[in-house]
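Structural overview
Take a look at the letters that make up each chain.
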Amino acid sequence: MHEDIILQHEIEQWLYKESELLDQLNFDGWYELLSEEISYTMPLRINQMEKSKPDYSEATLLFDDDSTTLKLRIDRMKTDMAWAELPPSRTRRNVSNVKIKEVSENEVAVHSNLLLYRSRSTDTTADLISGERKDVLRKENGDWKLVSRWFLADQTSLGTRNLAIFV
Amino acid sequence: MTTTSTKQVPRLDEMTRSELIQYLKDTVKPEEGMIPSYIFSHPKVYELEMEKIFLKDWLFVAHKSEIPNIGDFVTREMGGQSVIVTHGADGEIHVLLNVCTHRGMKLCRMDNGNQKNFTCPYHGFNFKNTGDLIGIPFQKVVYGETMDKSKMGLKEIRHDVYADLIFATLNSEAVSLEEFLGDIKWYLDLAFNRAEMEVVGLPQKWNVDGTWKLGSDNTISDSYHTLVSHGSIAKLGLVPTGDYSKYGYQIYTGNGHGLNLGMPNPDGFAFPESLIDEYKERLNEDQYDILKQMKNMIVCVSPNIMILISSMDLKGQKISHTSLRIWKPTGPDSMEISSWMLVEKNATEEWKRLSEQAFTLTFGASGIFEQDDTENFTDITQNSKSPYHLHENIVFNYTMGMHQEPVEDFVGPGIVYKDKFNEANSRAFFRNWLDQITAE
Ligand code: FES
Ligand SMILES: [Fe+2]
């Protein structure tokens with residue numbers, strides 16, 4: 001029990017730290033948290049009959065990245081021509097309902113909710129991206145690294161002009 | 001100190017329909033390269049567009065591969081109206097108004113699925129996937145013999161198919177789809193008839209506070225913006241710097257349709273080599289010759305379709321991807337983008353997978369090319385809402401390339417300009433648009 005609480009705490013702190021780095025636009029710092037084997041995907045939410053759950057499609061991915069393509073996204077952000085984030089959006093990631101689903105020797109599968117608030121430029125209306133995350137973290141040289149992230153948004157038609165942000 | 005002015009802001013909302021039409025004719029001057037700003041967000045202009053374009057034109061609703069089996073369906077929208085596109089029990093495609101004939105409930109609220117029948121959530125009228133009304137709860141009790149079910153089927157929307165693209169029109173008097181598409185078919189073949197194509201998954205959808213017209217305008221003629229808007233990509237070395245997007249042709253084929261064809265491709269053949277026989281069999285020699293040299297192709301089918309073939313080097317491999325999107329108007333100053341990704345059905349699984357990845361990375365909702373365009377669409381549209389623009393008659397400049405003459409030696413149909421830095425296609429697009437919305 002005691003160990004469970006420590007692990008829960010450790011993982012929660014990791015997720016909060018990650019959110020902080022992204023909200024502070026420290027993308028290099030964020031990249032450090034990723035395993036080289038990272039798989040970063042976002043399937044499409046769809047409206048389907050209850051009986052035909054799951055109500056998403058893995059055939060359509062809104063993010064389909066690995067460490068090379070994530071690096072590319074980050075490098076792009078550093079050019080002075082990444083207009084989608086110039087000026088950068090103000091984002092606030094709220095991570096909650098952190099549930100550790102599986103623990104093995106050096107890996108944990110953790111599910112959580114993400115509520116991402118995005119305020120863009122002078123817009124008075126904010127974009128909200130809400131959804132569920134399924135992450136796998138692995139201990140590599142003493143540090144937890146993100147091995148896979150799967151993010152499923154709650155909207156079928158996203159209320160944001162693009163996904164120039166990370167989820 | 002006070003300033004006074006006798007100048008009035010034109011009150012478009014107080015004009016009669018014919019005054020408004022006259023005002024549009026007086027201020028929108030495509031041939032002079034003058035497009036006034038107010039047309040990009042004025043509600044009165046939008047009303048005319050919905051009525052005279054979106055209720056009249058042929059609109060894209062689905063690709064045949066999305067509903068391959070009997071019972072498959074997808075729901076789509078045209079002119080703000082939901083429709084169900086079904087592969088009916090009779091083996092035919094039906095485009096059905098998604099409105100229950102009893103009291104107007106939206107019959108189907110799913111994005112896709114497979115169903116024999118659709119049951120209305122309100123009172124339970126039951127319709128076959130061909131549109132026929134087949135069941136009414138307590139029919140005998142509530143209607144006696146007075147209800148003729150055969151007259152109460154779902155309204156069937158006129159539709160036709162070209163290159164596996166299912167188009168529908170809410171206008172029973174529209175010209176045929178063949179005639180509407182005209183010469184753009186030659187280029188649609190390159191995108192969707194070069195091989196058997198299939199849609200991957202379902203369309204991605206996202207919402208932008210920008211007018212649909214900027215999407216079409218950007219598609220039909222604007223290769224010039226890539227230098228700056230997509231400058232980050234050049235900085236990363238993903239595309240050659242400078243004028244890489246200049247080379248090729250800008251082509252107008254009539255009825256508001258046109259394209260920009262990027263060629264030659266310095267990277268070589270960008271399509272699966274294993275399918276060369278299929279390409280050769282399905283395309284004529286001239287078309288195949290274009291395909292061989294193609295770097296990219298950006299097609300606008302009026303009013304609001306964008307078709308994109310783009311190629312890149314991903315993980316050491318030359319790879320192309322093909323997509324279709326619609327800029328669906330959701331208001332005078334907003335749109336929903338829906339984007340379908342397609343692949344050659346007979347390509348290898350590895351090729352398909354890489355092509356999907358290339359698409360998602362570059363032109364999906366998170367695409368690194370995609371992202372920057374929406375900044376332009378949003379800010380232009382929001383700017384244009386200021387009454388100042390009407391007051392001062394702010395006009396945008398569309399004169400690029402007016403000094404150029406079309407070339408005669410291109411193998412495909414249309415009015416063809418060498419190189420793509422030109423606004424001839426936009427001038428033609430807005431002429432077509434103006435003629436449509438001012439038609440009596
Ligand atoms: S509205 Fe559909 S059954 Fe009444
Ligand atoms: Fe663009």
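The structure under discussion appears in the preceding block.
Let me sum up the structure you'll find in this document.

About the cut-offs
- Residues numbered from 1 in each chain as written.
- Chains lettered and ligands numbered in written order.
- Predicted model: local features only at pLDDT ≥ 70, side-chain atom pairs only at ≥ 80, totals over all residues.
- Heavy atoms only, no water.
- Helix = DSSP H or I, 4+ residues; strand = E, 2+ residues; numbered from the N terminus.
- Rg over C-alpha atoms; globule rule 2.2 N^0.38 Å.
- Buried < 20%, exposed > 50% of the residue type's maximum accessible area, 1.4 Å probe, protein only.
- Contact = heavy atoms within 4.5 Å.
- Pairing = 2+ DSSP bridges.
- Axes fitted to C-alpha atoms, helices over the stretch in contact; angles between N-to-C directions.
- Buried area = accessible area lost by both parts, 1.4 Å probe.
- Salt bridge = Lys/Arg side-chain N within 4 Å of Asp/Glu carboxyl O.
- Polar contact = N/O pair within 3.5 Å; in protein donor to acceptor, adjacent residues only side chain to side chain.
- 1 Å grid on protein atoms, 1.4 Å probe; cavity = no way out; pocket = protein on both sides within 12 Å on 5 of 7 lines; lining within 4 Å.
- Points joined across faces, edges and corners; volume = space filled by probe spheres on them.
- Nonpolar A, V, L, I, M, F, W, Y, C, P; charged D, E, K, R; others polar.
- Core = buried A, V, L, I, M, F, W, Y, C linked by side-chain atoms within 4.5 Å.

1. Some remarks on the overall build of chain B
The helix and strand tally for chain B stands at 14 helices and 20 strands. For a compact globule of 440 residues, the expected C-alpha radius of gyration is about 22 Å, and chain B comes in at 23 Å, within 12% of that figure. Expressed as lengths along the three principal axes of its C-alpha atoms, the size of chain B is roughly 75 × 70 × 40 Å. A total of 440 residues make up chain B; the buried ones form 59% of that total. Sequence-distant contacts in chain B: of pairs separated by 6 or more residues, those separated by 24 or more amount to 67%.

2. A look at the sheet that holds strand E3 (residues 72–78) of chain B
Residues and elements named next belong to chain B. If you trace the four strands from one edge of the open sheet to the other, you get E5-E4-E3-E6, paired in antiparallel fashion. With one partner strand each, in any of the chains shown, strand E5 (93–97) and strand E6 (112–114) form the two edges of the open sheet. Pairwise comparison of adjacent strand axes, ignoring direction, gives a mean angle of 25 degrees for this sheet. Two strands pair when backbone bridges link them, and E3 and E6 are joined in this way by three bridges, in the antiparallel orientation. Pairing of aspartate 72 across the sheet is with asparagine 114, part of E6.

3. A few points about the interface of chain A and chain B
Frequently, the measure chosen for interface size is the accessible area that the parts lose on association. At the interface, 34 residues of chain A touch 38 residues of chain B. For the chain A and chain B pair, buried surface summed over both sides reaches about 3300 Å², with 52% attributable to carbon and sulfur atoms. When the buried area of chain A at its contact with chain B is split by residue, Asp64, Arg76 and Arg161 of chain A rank highest and sum to 21% of it. At the junction of chain A with chain B, the criterion picks out six salt bridges. A salt bridge links lysine 315 of chain B to aspartate 66 of chain A; the nearest nitrogen and oxygen atoms lie 2.5 Å apart. For the pair chain A and chain B, the number of links is 30 residue pairs in polar contact (both at pLDDT 80 or more). Elements that contribute at least two residues to the side of chain A that touches chain B include exactly strand E2 (56–65) and helix H3 (67–78) of chain A.

4. Some details on the layout of surface pockets
All names here are of chain B. Of the voids in this model, the largest pocket is the one considered here, and its volume is about 500 Å³. Of the residues forming the lining of the largest pocket, the biggest block, six residues, is contributed by strand E16 (residues 305–314). Of all the secondary structure elements, the ones that give two or more residues to the lining of the second largest pocket are helix H6 (212–221), helix H7 (226–229), helix H12 (370–384) and strand E19 (395–397). No other element matches the four residues that H6 contributes to the lining of the second largest pocket. A class-by-class count of the residues in the lining of the second largest pocket yields nine nonpolar, seven polar and three charged.

5. Focus: the nonpolar core
Residues and elements named next belong to chain B. Among the nonpolar cores identified, the biggest contains 158 residues, and Leu24, Ile39, Val85, Met297 and Trp433 are the most heavily contacted of them. Not counting residues within four places of it along the chain, the set of residues in contact with valine 85 comprises Val61, Ala62, Ile67, Asp72, Phe73, Val74, Arg76, Ile93, His94, Val95 and Ile166. Within the second largest apolar cluster, 16 residues are counted, among which are Phe125, Phe127, Met152 and Leu154.

6. With respect to the side chain of histidine 94 of chain B
Residue and element names in this part refer to chain B. Following the sequence through the fold, histidine 94 ends up in strand E5. Looking at histidine 94, its side chain comes within polar contact range of the side chain of aspartate 90, at 2.8 Å. Among the polar contacts listed, one links the side chain of histidine 94 to the side chain of glutamate 156, at a separation of 3.0 Å.

7. Section: the pattern of salt bridges
Residue and element names in this part refer to chain A. For the structure on display, the rule yields 46 salt bridges over all chains. Across the pair glutamate 107 and arginine 138 runs a salt bridge, and its minimum N-O distance is 2.9 Å. Highlighted residues: glutamate 107 in strand E4 (residues 107–119) and arginine 138 in strand E5 (residues 127–140), separated in sequence by 31 residues. Owing to a relative accessible area of 17%, arginine 138 belongs among the buried residues under this scheme.

8. A few points about helix H5 (residues 184–193) of chain B
Most of H5 of chain B is tucked away, with ten of its ten residues classed as buried. Buried within H5 of chain B are the following residues: Ile184, Lys185, Trp186, Tyr187, Leu188, Asp189, Leu190, Ala191, Phe192 and Asn193 of chain B.

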